Amino acid sequence: IAVCASAFGQVQMRTSGVVELPAGIVELSEAIRVPVNAKGLVIRGAAAGTTLRARPDFKGKALLEISGAAGVTIENLAIDGNRKILGRAVDLPNFGTSFFDHYSLNGIAAERVDGLMIRNVKIFEVADYAVLIRRSARVVVEGIDVRNSGGVDTKGFNNASGGVLFEDGTRVFS
């Protein structure tokens, strides 16, 4: 069991089974990271409602980060990226640089995941991508609501971020 520290206390992150997040607004100064090699893991918001919110001092690629796992489900929660505080101008990546490597303030970021379900998740005010996935397989995104997310480049134009992006070898997705 890995422990992710945050402003509200700690989230016990398991490698399998169900992790029910606490009800209310959970302010994060760092990402909740799914342990590498997690398998058959469900991360679920509380029945009364859970919102993961980035603190002004947030550090991480995304509020929820998943790498090298299989059979992960994220469901029934909200993600507030705190874009008004954390947003900044970011140009498009240079040729040869992946969006995954370039954008750093995302809602959910996943790589090398085999079997990922994201459902019934509200994502808002995220500075970069609501969901950013690379080199993964069997990915299903359903029932998500993305609002007021994304950013601008250094000239003030849309920088192509803000939605859901599958890139760099992601296959079998819907």
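A brief report on the enclosed structure follows.

Each value, and the rule that gives it
- Residues numbered from 1 in each chain as written.
- Predicted model: local features only at pLDDT ≥ 70, side-chain atom pairs only at ≥ 80, totals over all residues.
- Heavy atoms only, no water.
- Helix = DSSP H or I, 4+ residues; strand = E, 2+ residues; numbered from the N terminus.
- Rg over C-alpha atoms; globule rule 2.2 N^0.38 Å.
- Buried < 20%, exposed > 50% of the residue type's maximum accessible area, 1.4 Å probe, protein only.
- Areas by Shrake-Rupley, 256 points an atom, 1.4 Å probe, with all protein chains shown as cover.
- Pairing = 2+ DSSP bridges.
- Contact = heavy atoms within 4.5 Å.
- Phe/Tyr/Trp six-rings, centres within 6.5 Å; stacked < 30°, edge-to-face > 60°.
- Core = buried A, V, L, I, M, F, W, Y, C linked by side-chain atoms within 4.5 Å.

**Regarding the overall build of the chain**
Part 1: Secondary structure assignment for the chain yields two helices and 14 strands.
Part 2: Expected size for 174 residues packed as a compact globule is a radius of gyration near 16 Å; at 15 Å, the chain falls within 12% of this value.
Part 3: The principal-axis extents of the C-alpha atoms in the chain amount to approximately 45 × 35 × 25 Å.
Part 4: For the chain, the residues scored as buried account for 49% of the 174 residues in total.
Part 5: As displayed, the chain has an accessible area near 8,100 Å², and 51% of this comes from carbon and sulfur atoms.

**A few points about the pairing of strand β8 (residues 106-111)**
Part 1: When you tally the buried positions in β8, you get six out of six residues, the bulk of the element.
Part 2: In this structure, β8 lies alongside strand β10 (residues 131-134), joined through four bridges in parallel fashion. Across the sheet, residue I108 finds its bridge partner in β10, namely V131.

**Quick look at the environment of G150**
Part 1: Position of G150 relative to the elements: it lies in the loop between β12 (145-147) and β13 (164-167).
Part 2: It is 10 Å that separates the C-alpha atoms of G150 and G81, two residues lying 69 residues apart in sequence.
Part 3: Once residues lying within four places of it in the same chain are set aside, the contact partners of G150 are R83, V126, A127, D128, S161 and G162.

**Here's the deal with unusual backbone geometry**
Part 1: Even without being a glycine, N148 presents a positive backbone phi close to 45°.
Part 2: Backbone geometry places D168, a non-glycine residue, at a positive phi of 50°.
Part 3: Considering the arrangement of structural elements, one finds D168 in the loop between β13 and β14 (171-173).

**Details of the packing of aromatic side chains**
Part 1: Enumeration over the complete set of coordinates arrives at four aromatic pairs.
Part 2: The interplanar angle of 25° and the centroid separation of 5.8 Å between the aromatic rings of F99 and Y103 together place this pair among those described as stacked.
Part 3: Residue classification places F99 among the partly exposed positions, given a relative accessible area of 25%.
Part 4: The class of Y103 is buried, set by a relative accessible area of 0%.

**As for the environment of N94**
Part 1: Relative to the elements of secondary structure, N94 occurs in the loop between α1 (83-86) and α2 (99-102).
Part 2: Residue classification places N94 among the exposed positions, given a relative accessible area of 61%.
Part 3: In sequence terms N94 and T73 are 21 residues apart; their C-alpha atoms lie 32 Å from each other.

**Side note on the nonpolar core**
Part 1: Formed by 38 residues in total, the largest nonpolar core has its most connected members in L52, I66, I74, I79, I108 and L116.
Part 2: Secondary-structure elements contributing two or more residues to this core are β4 (24-34), β5 (39-44), β6 (50-67), β7 (70-80), β8, β9 (114-124), β10 and β11 (137-142).
Part 3: Tallying contributions element by element places β6 first for this core, with six residues.
Part 4: Apart from the residues within four sequence positions on either side, I108 is in contact with A62, L64, I66, I74, I79, I118, I123, A130, V131 and L132.
Part 5: The next biggest cluster of nonpolar side chains, apart from the first, holds eight residues, and it includes A62, V90, F100 and L165.

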